[in-house]
Every structure is written in C-alpha cells, then in structure tokens.
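Coordinates in review
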Amino acid sequence: MRYVSTRGAAPELSFDEAMLTGLARDGGLYVPAEIPQMSAADIKALAGLPYEEVAFRVMRPFVGEAFSDEDFWGCITRAYAGFGHAARAPLKQLNENHFLLELFHGPTLAFKDFAMQLIGQLFETELTRRGEKVTIVGATSGDTGSAAIEAFRGLDAVDVFILFPHGRVSEVQRRQMTTPSEANVHALALDGDFDDCQARVKDMFNDFAFRDAVGLAGVNSINWARVLAQVVYYFSSAVSLGAPHREVSFTVPTGNFGDIFAGYIAKRMGLPIDKLVVATNQNDILHRCLTGQGYHKGDTIPSISPSMDIQVSSNFERALFDAYGRDGKAVAQLMDELKQGGFEVSQGALQALQEIYSSGRVSEDETKAAIGVWLKSSGELLCPHSAIGVQVGEDQREAAIPMITLATAHPAKFPAAVEEASGVHPPLPPRMADLYDRPERVTRIANDLAAIEDHIRDARAK
Ligand SMILES: *Cc1c(COP(=O)(O)O)cnc(C)c1O
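The sections below set out a description of the structure shown in this document. Since the model is a prediction, treat every value here as computed from it, not as a measurement.

Attention now moves to the sheet that holds strand β5 (residues 134-139). One open sheet accounts for five strands, arranged β8-β5-β6-β7-β15; its pairing is parallel. Of all the strands in the sheet, the pair left with one neighbour each is β8 (216-218) and β15 (443-445). On average, each strand axis in the sheet is inclined to that of its neighbour by 30 degrees, with strand direction left out of account. Relative to strand β7 (residues 185-190), strand β6 (residues 158-165) runs parallel, the two sharing six bridges.

A few words on helix α17 (residues 384-396). Between the first and last C-alpha of α17 there are 19 Å, a value that for 13 residues agrees with the 18 Å anticipated at 1.5 Å per step. Judged by how many residues are buried, α17 sits mostly within the fold: ten of 13 residues are covered. Within α17, the full set of buried residues consists of Pro384, His385, Ser386, Ala387, Ile388, Gly389, Val390, Val392, Gly393 and Gln396.

On to empty space enclosed by the protein. With the rule as written, the count across this model stands at three cavities of 30 Å³ or more. Looking at the largest cavity, its volume works out to about 270 Å³. Taken together, 26 residues make up the lining of the largest cavity; nearest its centre are Phe111, Lys112, Gly255, Asn256 and Ser307. When contributions to the lining of the largest cavity are tallied by element, the ones reaching two or more residues are α6 (143-152), α10 (224-240) and α11 (258-269). At three residues, α11 tops the list of elements feeding residues into the lining of the largest cavity. When the residues that make up the lining of the largest cavity are grouped by side-chain class, the tally is ten nonpolar, twelve polar and four charged.

Moving on to the packing of aromatic side chains. The final tally for this structure, using the stated rule, is 22 aromatic pairs. Measuring from centroid to centroid gives 6.0 Å for Phe62 and Trp224, while their planes differ by 45 degrees, and the two rings are tilted. Within this pair, whereas Phe62 is found in helix α3 (residues 51-63), its partner Trp224 is found in helix α10, the two being separated by 162 residues in sequence. A relative accessible area of 2% places Trp224 in the buried class. With 5.8 Å between their ring centres and 40 degrees between their planes, Tyr80 and Phe114 make a pair best called tilted. Taken together, the positions of Tyr80 in helix α4 (residues 69-80) and Phe114 in helix α5 (residues 112-130) put the pair 34 residues apart, joining distant regions of the chain. An aromatic cluster of three or more residues is present, and its members are Tyr3, Phe15, Phe56, Phe62, Phe67, Phe72, Trp73 and Trp224. For Arg25, the ring lying beneath its charged end belongs to Phe208, and the centroid distance is 4.8 Å.

Here is what the cut-offs are and how they apply
- Residues numbered from 1 in each chain as written.
- Predicted model: local features only at pLDDT ≥ 70, side-chain atom pairs only at ≥ 80, totals over all residues.
- Heavy atoms only, no water.
- Pairing = 2+ DSSP bridges.
- Helix = DSSP H or I, 4+ residues; strand = E, 2+ residues; numbered from the N terminus.
- Axes fitted to C-alpha atoms, helices over the stretch in contact; angles between N-to-C directions.
- Expected span 1.5 Å × (residues − 1).
- Buried < 20%, exposed > 50% of the residue type's maximum accessible area, 1.4 Å probe, protein only.
- 1 Å grid on protein atoms, 1.4 Å probe; cavity = no way out; pocket = protein on both sides within 12 Å on 5 of 7 lines; lining within 4 Å.
- Points joined across faces, edges and corners; volume = space filled by probe spheres on them.
- Nonpolar A, V, L, I, M, F, W, Y, C, P; charged D, E, K, R; others polar.
- Phe/Tyr/Trp six-rings, centres within 6.5 Å; stacked < 30°, edge-to-face > 60°.
- Lys NZ or Arg CZ within 6 Å of the ring centre and 35° of its normal.

Pasting the structure below:
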C-alpha cells in the first residue's frame, strides 16, 4: 500500500514511513493511493466480533508490508486493553432511531484515545525494530495532547512535546497533560490560541534542519495512522445497527476534520453510509464552506466546546484533494491562498463535497440548552461537543435511516460547562479520581518559533 501527498510534490511512502513522517515535505498530508474495498460479505462477517477483531480486519489492508499480522494484532490488543468498557465503543439509544456512539471510555476520556493508544504501540514497535528514536511534537486544543502524553509516557524511543493554548483548555485536560511524571513527556503552555499552536508545529516541520536534527515526528490528526484507527468504529457501530443491509448516517462534532474524514474513508471502503454530517460550534468555517460561502478564516472565539475551537481545519485538505479530483497542484494553490486568509471552492469541488458531507452549526446557548434537553429526554449527560453533535444530528435525521452521533468526550472532562447547563456535576470515573491531587509540571512559552525550538533541543533526552 502506497501513500501520496495531497500537494503532489512529495515522495510516495509506505504505511510505516507515512506514520513516522506525519506532514509531507511539500506541506501536504498523506492519503492512500487507493482505498481498499470491503464487500458486503466482508462487512456482514464483522457482526458480533470483538472490537479488536473488527479493528484488525478493517485496518489490515492499509498497513501492507509495514507490520506482520502478529505484530499488528499485538499493537491493537495492547492499545485497547486499558479501556474502561468491554465493548470499547458502546452504542446507546437516544430515541427511536438516534444513537450515541460513546467514544470516551479510553484513559483520557475522549475519542482521541482510540487513535493515540494505537499509534503509541505502532511507533514503539516500529522504532524498536529500526533502533531509532524520535521527538514527537503536537499541538492541542486539549484532548489530543492528553491522549498523546498518555499514549507515549514512559516509552524509550520517544520524547513528546505538546503545545496547548495557555488558559484555554479545561482543568481536567490540563491536568491530564501536566501530571504524568515520566521524563519523556513535556507539556508546553503557549501564549496564543490553538491555531497559533498548530501553526508553530507546522513551522517546525517546515524547518528541515530542526526537523532532521531532533528526528521530528507528528501525531496530530494529520497523521494518517490516526485517521485510519478512527475508521474502525464507523464499521463496528454500523454493523451493530444492521449494515451492510441497512444504511446508517453519522453526525460528527468536528474541529480538525479528522474524525469525519475517517467516516468518509469507511464509506469509500464500501460501508453503506447515507449522510455524513459535520457539526460545528460558533467557529463554523466548515459549515460556511460546505454551504457555499468559501473557506475564509475568522477569529477563533473561545467556546464551551474548546476541542472544536478551530478556524483552520487541517484534515479538510484531504477532503479537498478528492473533491478536486486528486489534483495536488490545485490543492497547493488553495493552501497558498489560505495563508492570505481564505479561498473560494470551485463549483465542481463544492458539488463533490456536498454529495458526501452535510453540515450544521450550534450556538453557545443552543449547546447549553441541548445538554439539558437530552438529559431530560434520554437520561444521557452529554459533554458540550457531543451535545452539538446530537443537536445537529437530530435536525438532520430522517425517519427511515438510523442516525449515529459520535460522543467525542466524557462529560466529566468539561465539568463546569456541563454543570452550568444541566445542574448535574459529572464525576470523574473512579480510576482517575485523584487527578486533582497530583502535582503538575508545565513550561509556559512564548508564541515564538525560535524559543520553542530551543526549548525542545535542550529538554529532550539526548
Ligand atoms: C478532537 C475533538 C473533536 C474534533 O475532532 P476532529 O477530528 O479534530 O474533527 C471533537 N470533540 C472532542 C471532544 C475532541 O477532543
């Protein structure tokens, strides 16, 4: 299996190379050259299997020769062993045909654990085989960073540096990043917003001297292996509602477009998905774009769903690549225009996007109201991100087709917002009840590339 860059000017790579590289050297993102297909019989055969077995069957064709069956299976089983629910991704019913896919039973209580725990195992296995070490650098609006630190803490072959926007993540998110004591994990509080964090990470990848000197590797949602790991729960949930014989739709609380893009890959593999609905908060660049208003950056306005406070959605580039007929030059040009503030999507590409994705936007007040309404009608206490998804999903649900909304985080990850909206304080699961008592370790850092690079050079294990 070969991987190509969305900007068409970087070398083709194998799965392990694409995983260790993250961002392509032409600034693009890696995507598979072809999408493996699952037949109706293949999909039917997933029914009733344990999550790990579904994961193996869905992902195996993308991995090619990079891992043996045995190594890949070992990575999968270790990745999900620490989850707090035997089903890994259980499905709950909200009303007659609206379902909630709970993706928050991993160690940091958000769906990012599904990909990050696996990628930790894959990195460890591959780097040990090669006898190499890498420095992982990531930007986070809160959940990616905690998931990455949790997945890589204590591993020998890896140093991890996570940039998060100072003062703009929840206390639980911050503590999940700052309390692990292992010397190979480093939390950096940047004076800026999430887009600044993400931009500095991109800058580091584009500084080839630095990139090579520290062996930079990325695990942000641009990393193809992360997208791949997220394809699995689209299959497991759809099959449990009757796929391949019955179509289903999905609604996804969206920020960087990684999770919903995994749903698109599932659809391209043959899973009968009717609608893929992008749900956004007030930072609605994707909703505006998908409704024909072009892709133009605004200011990021902090919200009670901080993991969706994004104005430049990295993985959207992958969707554009396909919408523009896999024309890497066209994508490179759009990304140049984005640096100046934005671009218009061509008529043909917009039509291609609208055939796959629909969208909806939920305001802050509507989000709070939704948390209360759904608690009353279904008994489910939703985190703000999941509430946005459920609200948009309900608006777009059709009577004949089940709607599955992805619950991306546990309500206890955002206790203040949830309590204000519902009157109910969501307790942490018992296995992390001492989080507020553990000592924190964090470095405050300026929004300055040179300062960040200096710090990383000094602080990593040599
Ligand atoms: C990361 C995250 C999202 C957004 O997911 P993307 O893949 O970036 O679109 C939504 N909700 C929560 C809780 C998250 O952590």
